[in-house]
Amino acid sequence: MTQTMRQPTLETLGLGTVLDIFKAGRLPADPAGLVDEVFGSGEKRGSLVISGASGIVGAGKTMQLGSRLHPYGVPIVALDLPGAPDGLGAQYPGLVQAFGKEGADAVMGSIIRMSYDGKSLPDELKELRPSFLLEAIPEILDIKKAHYQVFRDSFPDIAIRSVTSGFPSSELGVGIAHPAFPHEINKMWEVVEPEPSAVTQLLWALGLIPVPVSDHWSFVLDVLFCGVTLAGLRYHEASNMPFWKIDKLVRKLVGPNPFRAHDVIGAQGADFLTWSCLHHLSGTYGDVFKPTEELEVRKETGQTWYPPNHFRPLVDWKLGDDEDEVFRTWILGPLFQMSSLLVHESRGHFTNLNAIGELCAQFRKGILAMAREAGPDSVIGTVEAYHTLHPSASENAWHPEVFQEMGTPEWQQLYVNAEHDGEVGVITLSRENYSGDVDAELNRAMDWLKSAGVERVILTGDFHLSTQMIGADVSEFFPAVEEEEEGFRISSSWSRTARRLDEEFKVSVGVLNGKRCLGGMLELLMHCHYLVAVDGAQLGMPEVTLPVVPGMEGCHWPFRKSQKDDWGKVLTLLLSGRPVKASEAVGWLIDYTGSLEETLGMAWTLASGGEGGLSRREFDGGTLTGVPSDAPGLPEADGEMGRAARAAMMDCIQGACGASLPEALELQARHSGAFMTSKACKQGEIGGQYTKTMMV
C-alpha cells in the first residue's frame, strides 16, 4: 500500500500517484486513447470548436491545442463573428518559431475558419461533427448561456468548457477550463468539473497543466492577480503614488507588475475583466474585493496605466522605513486575507493554489509559501493592521483560523512530496526552480522516508506542475549580491542537502522526465547514485553565462563520478554553458537514456534492486590529480565579464577537485559566495535582476 506525505496533485486529476507510474513503467493516461474518447475514432472523428477564436484567449488556445491535436487528425474549427480582428494571423510568427515554417503551415492548415451571426451555426459545421466546444466569447452571462443552447440544440452530446475569468460553473451550466495568460505559451488551466473528466486528462496527456479548482465566483488566478491590482489601486487612493512606482514596489515585495501587465494585455479588455471579477467577488464577499473608483472609470475608457513618455526615471525616490511598512500592509494585508478565503473554501489542493500564483500571476513565491514564511501571528497581525486602514474589509471573507494549521503536511510540503510502499520511496519536486523552500521541504521528505525505514529512493519531477528543471531560483541570491556570507550559507547548506542523497540511502536514482535539467537542479540530481534521463532531454550548467560559480558542488562532483578521459567533457560543459543532449552524456554525466517507458523501467529496476540494472559508476572522494586547466576548442570568453567568470570557475574547479570530499564542500561554497559579490556577477543577469527588483 502506498503511503504519502500529502496527497499527490496527480490524484486530483484521477491519475494516481507517481509511485504508481514507476511501478507500471508507463504514464497513466494515453493521449491517443483519450483523443478517441473525446473526439471519436476513425471516420467518426469529431472536431474541436473554439468560439471567439479571433480574440486574445481564443486565438492563443487555438494555436496551443491545434498544434497538439494536429498529429491525431482532429479538425480545429475557429468560429467568430464576421469582421472580428484576425487574432489567428497574429499567432503565426510564434508558431513558425516553435515548429518551423513547414510545421506551422501544417497546423494552420488543420484550422478551419468559420463565421456566424451569433444566433445560429453555419450549416457546414455539421459535417465536421463537433465533439468539444471551448467557448471564449465576451464575459456576458446571458450571451454565454444562449451560445451554449445553440450548440446543444444542434449537437446534444457535445462537451463544453468555458474559458471564463469569473463566472462559476453553476451559473454557466457548463464546465470551466480557465487558461492562464499568455494564452499561447502558459500551459496551466484552472478546471471546474464534478469529477476528473477525459477532457481534463487529455489536456494533461497533451503536455498541458490542468489544475482542478472549486466552483466559486472568479478563480484562484484572478483572485490573486486582480487582488494584487486592487491592493495597488487602494494604496494609490491613500497615497497618490503614481502607478509606475507602485508597480516597482509591488515587484520588489511580491513579484508581478500588475499595472504594466494590464497595459501589455491590452488595458481596455484587461481592465474590464479585472473589474468584472472584482465586481462579482465583492457582491459575494464584501468590500475586500470592491473595485475602486479609478477602476470603475478605466474599465470604460481603456486608458493605459503607464502614460507615454512620462518622466519616471527623473523623479524616482525611495520610501522611508515607516512608509515601507505602510505599503507592505496595504499590499500584503488584502492578499493574506484573500488567501484565507481560498483555503477556507477549499478552492484547491494547497500545492496547486500556491503554484498558480507563481506560474500564472508571476509571484516570486506562492501566496501560501509567503504566508508560511511570515508565520501565523505575523499574517494575522498584517491583516488586522490592514483593517485599520480599510475597516470595511474586515466585515467578510476573513478566516484567520486557517493559518493556525500551518504545521500540517499540506502547508509544510507545498513543493516537495514523498511516497513509499515500504521498500522504495519516490520524492517529487513540484517546482522547476530550486529555492530555500524546496531545500527545507526536501530535507523533511528525506527525514520522513528514513523514519519509515526506506533505504531506496527515486528523485524526480512530479509529472504535473513541474515539466522541466531549470536550476536555482536566482532571486534566492539577491541577499548574496551584497553579503558574501549569505552566498556561502546558501551554497553550503544546499550542498549538504544534496549529499544526503549519496550518503543516507542504500540506492538513490535521479530521473529526468522532462525536456531539460539545468544548473542547480542538475547538481542536485547528480548526487544520486544513478542518473537516468528520457531521450532528447537537454542537460546543462549555464552558470558561466549568468555569471555565477556553481554552488551545489558542480565544480567537483561530476569529476569525481567520471573517468579521467571524460574530464575534458565535464570541463567544457562547465566553461561553455552549452547544454548537451542526454544521448551525448551517457557514461560521464548520466547513466542511462531511453524512451519514457524505458527510463521509468530502468529507474524502477535500479531502485527496487531488480535484475538488468546498471553498474554504479565509481566515485572518488579523495584528491583528484590531472584535472585539465583548459578545454581545447572552447571559444574565447565574451568580454571582461566572461573571462572573469571562467577564471573564477576554474579556480573553484582546481581547488575543490584538489581537496578531499569532506574539505571540498566548504571550499567550493566559499568560492561561490565570494564571486556573488564580485563586479562580474553584479554586471550580469543576477546583478541586473537584483538592481531592477530590489533597488527601488
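For the structure, check the block above.
Residues numbered from 1 in each chain as written. Predicted model: local features only at pLDDT ≥ 70, side-chain atom pairs only at ≥ 80, totals over all residues. Heavy atoms only, no water.

Trainee: What should I look at first to understand the pairing of strand β3 (residues 76-80) in this one?
Mentor: The two faces of a sheet get side chains in turn, since along a regular strand they alternate between them. With five of five residues buried, β3 lies mostly within the body of the structure. Sheet analysis places strand β2 (residues 47-51) next to β3, joined by four bridges and oriented parallel. Within β3, the residue paired with L48 across the bridge is I76. Tracing the backbone out of β2, into helix α3 (residues 56-69) and back to the parallel element β3 gives a crossover that is right-handed. Relative to strand β4 (residues 111-115), β3 runs parallel, the two being bridged by five bridges. Within β4, the position partnered with D80 by the bridge is S115. Considered for its hand, the β-α-β crossover made up of β3, helix α4 (residues 87-109) and β4 is right-handed. (Buried < 20%, exposed > 50% of the residue type's maximum accessible area, 1.4 Å probe, protein only. Helix = DSSP H or I, 4+ residues; strand = E, 2+ residues; numbered from the N terminus. Pairing = 2+ DSSP bridges. Right-handed = clockwise from strand over helix to strand, strands pointing away.)

Trainee: Before we go on, may I ask you to explain the sheet that holds strand β8 (residues 188-192) in this structure?
Mentor: As a general point, the strands of a sheet are linked pairwise by backbone hydrogen bonds and lie either parallel or antiparallel. If you trace the eight strands from one edge of the open sheet to the other, you get β4-β3-β2-β5-β6-β7-β8-β9, paired in mixed fashion. The sheet is open, and its two borders are formed by β4 and β9 (209-212), each paired with just one other strand. The average angle at which neighbouring strand axes cross in this sheet is 25°, direction not considered. Along the sheet face, α3 touches β2, β3, β4, β5 (130-135), β7 (175-179) and β8 and points at about 165° away from the line of β2. (Axes fitted to C-alpha atoms, helices over the stretch in contact; angles between N-to-C directions. Contact = heavy atoms within 4.5 Å.)

Trainee: So what exactly am I meant to see when it comes to the side chain of H236 here?
Mentor: The topology assignment puts H236 in helix α8 (residues 220-239). With near-sequence residues (within four places) excluded, H236 lies in contact with M241, F243, I246 and E294.

Trainee: Would you mind showing me how to read the pattern of salt bridges here?
Mentor: As a working rule, side chains carrying opposite charge can pair if their charged atoms are close by. By the definition in use, this model includes 28 salt bridges. A salt bridge links K101 to D105, with the shortest nitrogen-to-oxygen separation between them at 2.9 Å. Highlighted residues: K101 and D105, both in helix α4, separated by four residues, approximately one helical turn. Put simply, R617 and D591 hold a salt bridge, and the shortest N to O gap is 2.8 Å. Placement of R617 in the loop between α24 (596-608) and α25 (639-657) and of D591 in the loop between α23 (582-585) and β18 (592-594) is noted, with a sequence separation of 26 residues between them. We classify R617 as buried; its relative accessible area is 14%. (Salt bridge = Lys/Arg side-chain N within 4 Å of Asp/Glu carboxyl O.)

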